[in-house]
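A structural walkthrough
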Amino acid sequence: MTFHVLTVGWNLDLVRRLADPIETATGFTFSHILDPSVDRRGFGSRPGRQFFFVRDDLRFALPEADTALLAGLEQPGVPTIHNMVMGDRLVRRLAYRDALTYASYLARRFEELFLEIKPSIIIGGFDGLHSGIALAVARKLGIPWFAMNFTAIPLGMVGFCTGMSPDTAFSCLPATADALRKLAERTLNEFEAKRLTVPTYLSANSVAMILKRFPAHFRLFSRAIRRALGSHFDRFTQVGPLDLVREYVRKRVNLYGLSKQPLLRTPPSTPYLFFGLHMQPESSIDVWAPFFSDQFAVIEAIARSTPPSHELLVKLHKSDADNYSRAQLNRLRALPGVRLVSPYAQSRDFIEKAAVMLAIQGNIAMEAALLGRPALLFGDSKSTQMPSVSKVKRMTDLPAQIRSKISEERPDRETIIRGLMSYLSSYAPGCSNDWQDMPSDAEIRALAEHFKALCDHVIEQRDRLVSLERVAIAD
């Protein structure tokens, strides 16, 4: 039987850039339930047997919400429905009943399509309500579900997640200890020499950048106008033209206000803890760490836990510098011992001198770990495999954890290498998730090997389950 891969929520461009060449390289059959913002009516004459749609027509009136259906999808390893809703940047803004109506429709539709397509595995994602619902329905039907997770340090490594957080990532292509050590040593050497940095998008910070990006913003606005005038606007998956204008104006006002703020650009000589704000909305915290997605509440908890001998420095994210108003920044600054760091300051300078690095998720904790700096992480992450990174326990334990981290002995370089080897063992060479460029032929071959190994893994797991069931019946 042909191994059948079903992707959920990918757009047509990603299908062409990634799925189609992998399908050719593996010989597997690929089908696609396209991003919910695309319907059959708007797709034209291109669909083939491999394309399916959440809705045939976005104008279709959705049936009533079924809360019993949604409650029945909740189980260990699956986010709660409310967390799924709160993690969707558009649905979270809708009336609660409307959000449940859309979630119920997605649940019914995915079950219908999964039973019709009968995939061997489902490849989902982390963004949007549809991603969480697809995982929940796949679990209900017993269909293996995975999402691809791409590393930023180093770039080009890929693992498969079995749930909605990066700590579930694993590699079907385990490397030898010698290969892992060479990769870990090379990664650490390049990071120490500052040749390896985390790629980030820089938000507009000058009139020149605003003018340079204005044509792209205007194209987005024009597209939203055409959708609205053509009755093809969908409030569940698309941003309306008025919302785009409001958001654009809000960010320009915030950017102007930011220039008037007293922000640190270099580390102080006095002791401090360091927290890096995450870009938001963003799946790295809204989905991967939903119970810590209120960053202001997290910062307040850290401030309450920081000893008076130390300050708490909070750095604005360079990709999200225009997201916060003057009132929001003043709210942070009003917390005891808190000072704000410019988004355009070099994070590494602050990490190198911080007594403790704190983060909800992500790469900034890995940067601290590679330098051997003590770090506390709120979310679930593979970064906790590094020797200097610990997971935050109960919030009431945070003061003691911070004091412990301040006095913690620094790991030696060999211990850091071994921790990095453990971290990297969950990944194997593939490609980065910057889809502006087509993956190279070598990267496609590497990804094809990933999928072949994943096929073997799924078949092995299925055969093991069948054997256990036969033993149970015989007993």
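I will try to describe carefully the structure that is included in this document. Along each chain, the written sequence defines residue order, and numbers are assigned to residues from 1. The predicted origin of the model limits local features to residues at a pLDDT of at least 70 and limits the giving and counting of side-chain atom pairs to 80 or more, whereas totals for whole chains, interfaces and linings rest on all residues. Working from all heavy atoms in the structure, the side-chain values ignore hydrogens and water.

Points about the overall build of the protein chain
We count it as follows: Secondary structure follows DSSP: runs of H or I at least 4 residues long count as helices, runs of E at least 2 residues long count as strands, and numbering of each begins at the N terminus. Each radius of gyration reported is based on C-alpha atoms, and the globular scaling rule is 2.2 Å times the count of residues to the power 0.38. Residues count as neighbours in contact if any of their non-hydrogen atoms are within 4.5 Å of one another. Computed with a 1.4 Å probe, the accessible areas rest on the Shrake-Rupley method; for each residue, only the protein chains presented here act as cover. Counted as positive: Lys and Arg. Counted as negative: Asp and Glu, with His and the chain ends omitted from the count. Charge placement uses NZ in Lys and CZ in Arg. For Asp and Glu, CG and CD serve respectively.
A count of helices and strands for the protein chain gives 17 helices and 14 strands. For the protein chain, the C-alpha radius of gyration of 23 Å lies close to 23 Å, the compact-globule estimate for 475 residues. Counting only C-alpha atoms and orienting by the principal axes, one finds that the protein chain spans roughly 65 × 60 × 45 Å. Taking contacts inside the protein chain between residues at least 6 apart in sequence as the whole, the part at least 24 apart equals 69%. For the protein chain, the accessible area works out to roughly 22,400 Å², and carbon and sulfur atoms hold 54% of it. Of the side-chain charges in the protein chain, 59 are positive and 50 negative, and the distance between the mean point of each set is 6 Å.

Observations regarding the nonpolar core
Put simply, the rule reads: The term nonpolar core refers to a set of buried residues drawn from Ala, Val, Leu, Ile, Met, Phe, Trp, Tyr and Cys, joined through side-chain atoms within 4.5 Å. Each residue gets one of three labels from its accessible area relative to the maximum for its type: buried under 20%, exposed over 50%, partly exposed in between, using a 1.4 Å probe on protein chains only.
Among the nonpolar cores identified, the biggest contains 82 residues, and I33, F110, F114, L129, I133 and F274 are the most heavily contacted of them. For this core, the leading source of residues is helix α5 (residues 96-117), giving 11 residues.

Describing the packing of aromatic side chains
Inclusion rule: Pairing of aromatic rings covers Phe, Tyr and Trp, the last counted by its six-membered ring, and requires centre-to-centre distances within 6.5 Å; plane angles under 30 degrees mean stacked, over 60 mean edge-to-face, and any other angle means tilted.
One pass over the full model with this rule turns up 17 aromatic pairs. A centroid spacing of 5.8 Å and a plane angle of 50° characterise the contact between F30 and F451, whose relative ring orientation is tilted. Remark: F451 occurs in helix α17 (residues 441-474) and F30 occurs in strand β2 (residues 29-33); sequence separation between them is 421 residues. Owing to a relative accessible area of 1%, F451 belongs among the buried residues under this scheme. Taking the centre distance of 5.9 Å and the plane angle of 55° together, the rings of F296 and Y324 count as tilted. Of the two residues, F296 is situated in helix α11 (residues 295-305) and Y324 in the loop between β9 (311-315) and α12 (326-333); the sequence distance between them amounts to 28 residues. Residue Y324 is classed as buried on the basis of its relative accessible area, which comes to 5%.

Re unusual backbone geometry
In this model, I153 is joined to P154 through a cis peptide bond whose omega is -10°. When you line up the elements, P154 lands in the loop between β5 (145-152) and β6 (155-161). In this structure, the amide linkage connecting Q280 to the following residue, P281, adopts the cis form with an omega of 5°. Within the secondary structure layout, P281 lies in the loop between β8 (272-276) and α10 (283-286). Despite not being glycine, K118 has its phi angle at roughly 55°, a positive value. By secondary structure assignment, the location of K118 is in the loop between α5 and β4 (121-124).

Some points on the side chain of D322
In this structure, D322 sits in the loop between β9 and α12. Residue D322 is classed as buried on the basis of its relative accessible area of 4%. The residues touching D322, leaving out its near neighbours within four places in the chain, are S203, K251, R252, N254 and L255.

Focus: the pairing of β8
In terms of burial, β8 is largely enclosed, as five of its five residues are buried. Here β8 shows no split at all, with Y272, F274 and G276 on one side and L273 and F275 on the other all buried.

So, the sheet that holds β9
Put simply, the rule reads: Strand pairing is assigned whenever DSSP identifies at least 2 bridges connecting the two strands. Angles run from 0 to 180 degrees between N-to-C directions of axes, and those axes are lines fitted to C-alpha atoms, restricted for helices to the stretch in contact.
Strand order in the open sheet formed by six strands is β10-β9-β8-β11-β12-β13, with parallel pairing between adjacent strands. Bordering the open sheet on either side are β10 (338-341) and β13 (389-391), each of which pairs with just one other strand. With direction set aside, neighbouring strand axes in the sheet form an average angle of 25°. When strand β12 (residues 375-377) meets β13, the two strands line up parallel, connected through three bridges. Within β13, the position partnered with L377 by the bridge is K391. Relative to β12, helix α15 (residues 398-406) is tilted by about 150°, and along the sheet it contacts β8, β11 (356-359), β12 and β13.

Remarks on helix α6 (residues 129-141)
This is how it is decided: A helix's residues, less one, multiplied by 1.5 Å, set its expected span.
Helix length check: α6 (13 residues) gives 19 Å between terminal C-alpha atoms against 18 Å at 1.5 Å per residue, within 8%. A large share of α6 lies buried, amounting to 10 of its 13 residues. Among all positions in α6, only L129, H130, S131, G132, I133, A134, L135, A136, V137 and A138 are buried. Where α6 is buried, its residues contact β1 (4-8), α3 (67-73), α4 (81-86), α5, β4 and β5. One or two steps after α6, the chain reaches G142, where phi turns positive at roughly 75°.

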